[in-house]
Structures are given as C-alpha cells and as structure tokens.
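One letter stands for each residue in the lines below.
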Amino acid sequence: MQECLVYLFTGFLESGKTTLIQETLQDPGFNTGEEKTLILLCEEGSVRYTKDLAQSVHADIVSVNAPEKLTAAFMEKCEKLFHPDRVMIEFNGMWSVDRFLDVEMPLRWILVQILSTVDASTFEMYLANMRSILYEQLRHSETIIFNRCDEDTRMRYLRNNIKAMNKRAQLIYEHKDGSIMASADEQLPFDEHADPLVLEDYDYGIWYMDALEHPHKYEGRTVTFAAKVYPINENRTHAYVAGREAMVCCSDDTSLIGMWVYTDEKKPRPLSWLRLTGKIRVEYDEDFGGDVCALQEISREVLEDHDDDYVYFT
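Note that this is a predicted model, so its numbers are computed, not measured.

*Asks:* With reference to specific residues and values, describe the overall build of the protein.
*Replies:* Within the protein, the secondary structure is distributed over eight helices and 14 strands. For the C-alpha atoms alone, the extent of the protein along its principal axes is close to 65 × 40 × 35 Å. Counting across all 314 residues of the protein, residues that qualify as buried make up 50%. Contacts spanning at least 24 positions in sequence make up 73% of the contacts within the protein whose residues lie at least 6 apart. Working note: accessible area of the protein is about 16000 Å², and carbon and sulfur atoms make up 48% of it. Distance from the positive charge centre (32 side chains) to the negative charge centre (56 side chains) of the protein: 3 Å.

Below you can see the structure in the form of structure tokens.
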C-alpha cells in the first residue's frame, strides 16, 4: 500500500500559507507533475487558488469551513473520493492544532511535516495580544518561515521568542520579495567574549537562547548568573537543574529555560534561588536532539526569592 504524505500548514490568516503551498506545488523539485494532490482549505485569504493552477499541478481543492468537520470520517471520505498521493492542509489560524493532531487519519495517510508561516511585521502585535493562539499554531512546527522581513526586522527577538515556545523548530527568514534572508547574528546586549561572563537578570534569557544555538561558543567559559532550582523527575547523581521560566502562553503555561548543573556538594533545596558560578561544558541531550550547555559548579550563593521568575525577550 503506497503511503500518502500529509503536510500541515499553520499560521494566522494573511501570513502567507497559500503562497507557500502554491510555490511548493510549482517547484519541480517537489512536484514532478505526476502526483495527485489534495488541498484541504480551512480558510481563505486575499491570495486564492485559481482553477488553472489547480489543473496545472493536478490538485483537487476541498473547503473545510468548521473545525468540527475535519474529522476522521471526513478524511476517510476524501481518501475514497480522490485517492491522493499527498495531502496539503491549509489550516485555519484560529483552530486548535492539538485537537486536529488527535484526529485519526486514514490508514494510508502519514503526517510527515508541520510548517508554519509568520508575518514578521505583525509578530510582536500577535505576541502581545494573542500569545496563547500563536503558541497553539507554532508549538508543533518543524519549520517556521518568517516572511515580509526587512532591514528593520529584529531577528534575534523573533528567534528567541519562538525558541522559548518551540526549541526544535528550524527558522527561515524571507524578504518581502520571497528571497531567503541571511540570518546574520545581531550584537548581544552583553560582552559575549568576557571570561568570566557575569549575566544580569535581564540578560539571562538572551544568553541562554544564544547558548542553545551555539553551545560550543561558550564551552570551557566561566559564567555567573542568578537562577532558580527546579525539581526534575530525572534523578542524576550530584546534578540538579537551574534556570528561569519563559512565558510561552500565559502565566500558567511556561517553558523552563535551564540547564543541568553538576556539583560535588549536596544538592540545593528545590525552588530556592542561587547565584551560580561555574564552567560551561557541552553534552548531548537526547530530548533536544543535539548538543547543549551544562554547568560544572564552582560556587553557589543562596539568594532571596526574586520578585519575577520570568524572562522576557524584548
């Protein structure tokens, strides 16, 4: 039985989903012209699919105007009617991706990729006013494309906020004309070459995200920062987890941005605050799927509780 590959495209209305799907289907490296494509269209923006385009790429388009209609029975009916080689789902930016992922697809359909599009010029507004819905759209994505970027786009701001929601996502930046934008590193708000590197509270989150992307840059360096000790189910001998929390959805839904700290002393009390000094070591993290920074503790000082546990990426 030949597999039918399913691609899920998420993002808000007018974020560029339709354009991305059209460009993908017109790419000869993706579409040889022999495959039958089924597009499940869950919302319509200003860019529309034309009849000529659909015919040229051998695509059938079926509209789905309510989330409760995107059911297992509906997809099974589409399978029997169209028997597609692949399915591209243009998801509605206000629907729950989690609920859709719980729906059982036809046996032959295999979800192979979740891609998201984000309008870089409106990201900050959505983050401030619709954070929970933005999180819902992006948390499962393997690839997130920021489009409509220009020379004023704060790429580190975009990257840090997304990585707090979804550490594994690959990020791509596009100019307004659709060309790929080089991901040039912006200047960090602290002296990244200092050794020891002493981090203020407001620098911790930005430093952590840079270390997540470039762990070997900090390998062997001494760093000092304030952090909270978090109880973790995994119990390593002479090791604990310390860090801060980034708000990804609301105050009840946060992401720990912390690291393993290895110590020769007794483990500190969970939920206590410390000023840590240690040497960075790099180790492979199976959950993350890559190298990450850990800390070999040199010294610790117990601190009073902080007024604000969270870090922000402004």
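*Asks:* So what about the pattern of salt bridges? Which residues, and what values?
*Replies:* Opposite charge on two side chains lets them pair, provided their charged atoms get close. Taken as a whole and assessed by the stated rule, the structure comprises 17 salt bridges. Put simply, Glu283 and Arg236 hold a salt bridge, and the shortest N to O gap is 3.4 Å. Pair noted here: Glu283 is in strand 12 (residues 273–285) and Arg236 is in the loop between strand 9 (222–230) and strand 10 (239–250), with a separation of 47 residues, a long-range link. Its relative accessible area of 16% is what places Glu283 among the buried residues. On the accessibility criterion, Arg236 (22% relative accessible area) is partly exposed. Two residues, Glu283 and Arg281, come together in a salt bridge whose shortest N-O distance is 4.0 Å.

*Asks:* So what about helix 8 (residues 201–213)? Which residues, and what values?
*Replies:* Of all 13 residues making up helix 8, 10 are buried, and the element is well covered by its neighbours. Along helix 8, the residues classified as buried are Asp203, Tyr204, Gly205, Ile206, Trp207, Tyr208, Met209, Asp210, Ala211 and Leu212.

Rules used throughout
Residues numbered from 1 in each chain as written. Predicted model: local features only at pLDDT ≥ 70, side-chain atom pairs only at ≥ 80, totals over all residues. Heavy atoms only, no water. Helix = DSSP H or I, 4+ residues; strand = E, 2+ residues; numbered from the N terminus. Buried < 20%, exposed > 50% of the residue type's maximum accessible area, 1.4 Å probe, protein only. Contact = heavy atoms within 4.5 Å. Areas by Shrake-Rupley, 256 points an atom, 1.4 Å probe, with all protein chains shown as cover. Lys, Arg positive; Asp, Glu negative; His and termini not counted. Charge placed at Lys NZ, Arg CZ, Asp CG, Glu CD. Salt bridge = Lys/Arg side-chain N within 4 Å of Asp/Glu carboxyl O.

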